[in-house]
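Coordinates in review
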Amino acid sequence: MHSATETEAPAAESSEAEFTIGGMTCASCAARVEKKLNRMDGVTATVNYATEKARVVFGPETGVADLIATVQKTGYTAEPVHRPAATPPPPPAPAPVTDTPNVTGIPEATETSESTGAPETLSTPGSADVPDSPTVPDGPATALASLRQRLIVSAVLAAPVVVLAMIPALQFDNWQWLSLTLAAPVVIWGGLPFHRATWTNLRHGSATMDTLVSVGTLAAFGWSLWALFLGDAGMPGMRHGFDFAVSRTDGSSTIYLEVAAGVVTFILLGRCLEARSKRKAGSALRALMHLGAKDVAVLRNGAEVRIPVARLAVGDRFVVRPGEKVATDGAVVEGNSAVDASMLTGESVPVDVGVGDCVTGATVNVSGRLVVEATRVGADTQLARMARLVEDAQNGKAEVQRLADRISAVFVPVVLLIALVTLVAWLLATDDVTAAFTAAVAVLIIACPCALGLATPTALMVGTGRGAQLGILIKGPEVLETTRRVDTIVLDKTGTVTTGKMTLQTVHTAPNTTETDVLRLAGALEHASEHPIAQAVATGAGERTTTPLPTPEDFANVPGLGVQGVVEGRKVLVGRPRLLTEAGIGVPDVLSSALTEAATQGRTAVAVAWDGEARGVLEVADAVKESSAAAVAELRALGLTPILLTGDNRAVADSVARVVGIDEVRAEVLPEEKAHVIERLQAEGRAVAMVGDGVNDAAALATADLGLAMGTGTDAAIEASDLTLVRGDLKVAADAIRLSRRTLAIIRGNLFWAFGYNVAALPLAAFGLLNPMIAGAAMAFSSVFVVTNSLRLRSFT
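Residues numbered from 1 in each chain as written. Predicted model: local features only at pLDDT ≥ 70, side-chain atom pairs only at ≥ 80, totals over all residues. Heavy atoms only, no water.

As annotated in an unreviewed UniProt entry, the protein is Heavy metal translocating P-type ATPase from Streptomyces laculatispora. As recorded by UniProt, the Sequence similarities (unreviewed entry) comment attached to the protein reads in full: "Belongs to the cation transport ATPase (P-type) (TC 3.A.3) family. Type IB subfamily." The heading Subcellular location (unreviewed entry) in the UniProt record of the protein holds the text "Cell membrane". (UniProt positions renumbered as here; feature names shortened; annotations may be inferred.)

Attention now moves to the packing of helix H20 (residues 628-637) against helix H25 (residues 731-766). The contact between H20 and H25 brings their axes to 7 Å, and the two run at 25°. Accordingly, the angle class assigned to the pair H20 and H25 is roughly parallel. Together, Ala-630, Ala-631, Glu-634 and Leu-635 of H20 and Lys-731, Ala-733, Ala-734, Asp-735 and Ile-737 of H25 make up the contact between the two elements. Tallied by class, the residues present in the contact of H20 with H25 amount to 6 nonpolar, no polar and 3 charged. (Axes fitted to C-alpha atoms, helices over the stretch in contact; angles between N-to-C directions. Helix = DSSP H or I, 4+ residues; strand = E, 2+ residues; numbered from the N terminus. Parallel < 35°, antiparallel > 145°, perpendicular 65-115°, else oblique. Contact = heavy atoms within 4.5 Å. Nonpolar A, V, L, I, M, F, W, Y, C, P; charged D, E, K, R; others polar.)

A word on the nonpolar core. Membership of the largest hydrophobic core comes to 132 residues, with the highest contact counts inside it found for Phe-19, Ile-21, Leu-37, Val-56, Leu-491, Leu-708 and Leu-730. For this core, the leading source of residues is H25, giving 16 residues. The contacts of Ile-21, once residues within four sequence positions are left out, are Val-33, Glu-52, Lys-53, Ala-54, Val-71, Tyr-76, Thr-77 and Ala-78. In terms of nonpolar packing, the next biggest core, distinct from the first, is built from 21 residues, Val-518, Ile-533, Val-567 and Trp-610 among them. (Core = buried A, V, L, I, M, F, W, Y, C linked by side-chain atoms within 4.5 Å. Buried < 20%, exposed > 50% of the residue type's maximum accessible area, 1.4 Å probe, protein only.)

The next point concerns the pattern of salt bridges. Tallying each qualifying case throughout the model produces 23 salt bridges. In this structure, Arg-239 engages Asp-173 in a salt bridge whose closest nitrogen and oxygen atoms are separated by 3.3 Å. In this pair, Arg-239 sits in the loop between helix H6 (209-229) and helix H7 (257-281) while Asp-173 sits in the loop between helix H3 (141-166) and helix H4 (175-190), placing the two residues 66 residues apart along the sequence. What emerges from the salt-bridge pattern is a single network uniting Glu-304, Arg-321, Glu-334 and Arg-369. (Salt bridge = Lys/Arg side-chain N within 4 Å of Asp/Glu carboxyl O.)

Counting buried positions along strand S1 (residues 15-22) gives 6 out of 8 residues, so the element sits mostly inside the fold. Note that S1 and strand S4 (residues 77-80) share 4 bridges and pair antiparallel. Among the inter-strand pairings, Ile-21 is bridged to a residue of S4, identified as Ala-78. (Pairing = 2+ DSSP bridges.)

A word on the sheet that holds strand S8 (residues 303-308). The antiparallel open sheet is built from 6 strands, whose spatial order is S8-S7-S9-S15-S10-S13. One side of each edge strand has no neighbouring strand; the edge strands of this open sheet are S8 and strand S13 (358-359). With 2 bridges connecting them, strand S7 (residues 295-300) and strand S9 (residues 317-320) associate as antiparallel partners. Looking at S9, one finds that Val-298 is bridged to Phe-318.

Here Glu-568, not a glycine, exhibits a phi torsion of approximately 55°, which is positive. Along the chain, Glu-568 falls in the loop between strand S20 (562-567) and strand S21 (570-575). One non-glycine residue, Asp-611, lies in the positive phi region at around 50°. Tracing the chain through its elements places Asp-611 in the loop between strand S22 (604-610) and strand S23 (613-624). Looking at Asp-611, the relative accessible area reads 45%, which means it is partly exposed.

Attention now moves to the confidence of the model for the protein. The pLDDT averaged across the protein works out to 80; a share of 81% of its residues lies at or above 70. Here residues 1-12 scores under 50 on pLDDT; set against residues more than four positions off or in separate chains, the count is 17 contacts. pLDDT under 50 marks residues 84-139. Its contacts with residues more than four places away, or in other chains, come to 146 contacts. (pLDDT = per-residue confidence, 0-100.)

Let's shift gears to the pairing of strand S2 (residues 43-48). In terms of residue burial, S2 counts as a mostly covered element, since 6 of its 6 residues are buried. Going residue by residue along S2, you find Val-43, Ala-45 and Val-47 tucked away on one face and Thr-44, Thr-46 and Asn-48 tucked away on the opposite face as well. As paired strands, S2 and strand S3 (residues 53-58) are joined by 6 bridges and run antiparallel to one another. By the bridge assignment for S3, Thr-46 is matched with Arg-55.

In spatial order, the strands read S16-S28-S27-S26-S17-S24-S25; together these 7 strands make up an open sheet with mixed pairing. What marks the edges here is a single partner per strand, and that holds for strand S16 (472-474) and strand S25 (664-666). Between one strand and the next, the sheet's axes are offset by a mean angle of 20°, whatever the strand orientation. Summarising the sheet, strand S24 (residues 641-645) and S25 pair through 3 bridges and their orientation is parallel. Looking at S25, one finds that Leu-645 is bridged to Arg-666. Across the sheet, helix H14 (residues 477-485) is in contact with S16, strand S27 (706-710) and strand S28 (723-725); its angle to S27 comes to roughly 105°.

UniProt annotation of "transmembrane region" (unreviewed entry) refers to residues 151-169, 175-192, 212-231, 251-270, 407-429, 435-456, 745-767 and 773-791 when read in the numbering used here. Within residues 151-169, the helical portion is 84% and the strand portion 0%, while the C-alpha atoms at the span's ends are 28 Å from each other. Taken end to end, residues 212-231 has its terminal C-alpha atoms 26 Å apart, with 90% of it in helix and 0% in strand.

Right, let's get into helix H22 (residues 674-683). Those residues of H22 lying buried are Lys-674, Ala-675, Val-677, Ile-678 and Leu-681. With its buried residues spanning 155° around the axis, H22 presents them on a single face. Against the buried residues of H22 lie strand S17 (488-492), S24, S25, strand S26 (688-692) and helix H23 (698-703). Residue Gly-685 follows H22 closely and has a positive phi angle near 95°. (Arc of directions from axis to C-beta.)

On the surface, a nonpolar cluster with roughly 510 Å² of combined accessible area is contributed by Leu-417, Leu-420, Val-421, Val-424 and Leu-428. Considering the arrangement of structural elements, one finds Val-421 in helix H11 (residues 399-430). (Patch = residues over 30% accessible without salt bridge, like charges linked within 9 Å, V, L, I, M, F, W, Y side chains within 5 Å. Areas by Shrake-Rupley, 256 points an atom, 1.4 Å probe, with all protein chains shown as cover.)

Right, let's talk about the packing of helix H5 (residues 192-203) against H6 for a bit. Between H5 and H6, the least distance of the axes is 8 Å, while the angle of their chain directions is 115°. Once H5 is placed against H6, the crossing between them reads as left-handed. Contacts between H5 and H6 involve Phe-194, His-195, Ala-197 and Thr-198 from the first element and Asp-210, Thr-211, Val-213, Ser-214, Thr-217 and Leu-218 from the second. By residue class, the composition of the contact of H5 with H6 is 4 nonpolar, 5 polar and 1 charged. (Left-handed = near helix turned anticlockwise from the far one by under 90°.)

Another aspect to go through is the packing of aromatic side chains. In total, this model carries 6 aromatic pairs according to the counting rule given. On the numbers, 5.3 Å between centres and 75° between planes, the contact of Trp-177 with Phe-229 is edge-to-face. Placement of Trp-177 in helix H4 and of Phe-229 in helix H6 is noted, with a sequence separation of 52 residues between them. Its relative accessible area of 55% is what places Phe-229 among the exposed residues. (Phe/Tyr/Trp six-rings, centres within 6.5 Å; stacked < 30°, edge-to-face > 60°.)

Structure, rendered in structure tokens:
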């Protein structure tokens, strides 16, 4: 969100709040609320019709109560969204659990006010607390039930009216009076929400979509009453046919009861379908928010005590049994298991965890018993942060949507003017009051800015929600525009293309020496060292041998060279080749070749000797992730040129680039120079995306046109990025760009339909080529089409 308050108050003095807006029925409503809020001093507001929320940044001279009052003066309701503090207070003494409060710092769905249809929250007006984590209501369920009830009753009553009007053969004597009896409740009671909103808007000197519906249907109904009671339409034996276009007839014998009842019913149907579709659009985020556990078995003085998750504090230790959800983010302090993180990361294969490994709240323990120490709780957890990022993206607006909002804001007054001009023009051209009236009513009813208002936010809701399910977090709608433009993608090596961990790659042995012996003796000695390379050798040896590693004796560290000791009665040396040279041990030709090959490949060579002879060479390197080569191929298929960027030496960088299929390498780049590399590429006219995971990547991620951060990386990198890939898999980067481009394509398709519909439909109605009832059906289903088109993103894989 852009801020207009920078010149009026320092950024540090501004506050941000979020409100649920009740009473909005179309995009022009959202535009009006947004316009009124932005007219306040020091206020910048964004109102989203699809999410029915307002995000407001305001200065110290403005309070939350002032913002609520402004919304209410505009004719709508506003309730602050209540969010918990990021760090809850320490839990009180254990007490019996009487309920199952919410889980990861994300509030449950809010209740709905029956009187206003606006969600009610726990916060009080005037609270200026800045929200910390999102809350997404399940939707105004009571209002939706009321809407459905009106629709059913109206449809039952309107159906005979429409059938009698469209099929003259069914018209019996005095059929028109039965139609009036059935249509009156539909127009008055069924259309009451439109009439009530119209009256409210008129009192505030404005007009919305409801104005067009109300004026159009009441005009048709009023004309029918005049024709029935004062004209000839009430005479027994009266008959008239149905035309899809405007027909010229005697006005005193023409009734429009089917138009009045049919339009109300069609628009109620459209609103009902739209409301249901909007609920589906937000279902992914609601599912994300309800993932967490409800209660947890926390350890108190060695005993397990079950408490609500909301009372967990950092440092608490809790038990997770097989099949249970991990209560919050933490580190394993006891036990081994496999954890299913598919609902958070999209990764279908459970991940093995043991002591020292980190686990994320809402993931599922598949096998063994774990004891976990909480490291993050409440709004600090990864689940809460994911939901916050997703909702922030859904509440934002792309530039193209701002244009649509501006059009919606002036659309209704323009339509009213067009309807008036249509009425006058027909009267002057034909002197036919009936035809003029019918054309003017069709203009009022066909116009629908709702499709414009729903085009972007519904696609964003579905796209970002689906992304969250796949482990892709899109920070805002402007990101989508950027993904279309990027043509170059810069990949950090360590932790992005590679695992970021040293691993044992290859074992070379001298004649008459087995690989098992080299691994057992070298692994045993290295197991006693804390050096990363030593640990890589020890881990690799443990994985490749079938028996436990022996325990070394007389272990000693040789600074800068390696380690030595006695293993199973043999004096063993493990380390740099120089360690063997200084010990007077020669290296045979076969091992010398291995040392040369390792240096060429950019790998670290570890020499092994015992009993005065060189026995083997171990190659250790930062392993390339299994999916990296396939990911690079997918990125190329998207039209992106990959570049490998690393601070490592040229040999290592070239070796990794060859493995994954990258032609262009920038090696030996200092951390502070990474952003300069991005700037130089941009100066060449390239639109650059950057994928990284470390603190040293943060500046480059921020400098790039599109920053993608590995979710397994640092907070600094994630904060600086535009897209976060929750799973540390480079293939997800290609998925993220595909999803973003697909979402943008859906938005463009929606806007093309919405603009095209209005551009085509208004002239047809003005020239008398649309019956008002057909116009009403078309208008209602234009919004449904836009939302349904957006829902196609739910199937993205």
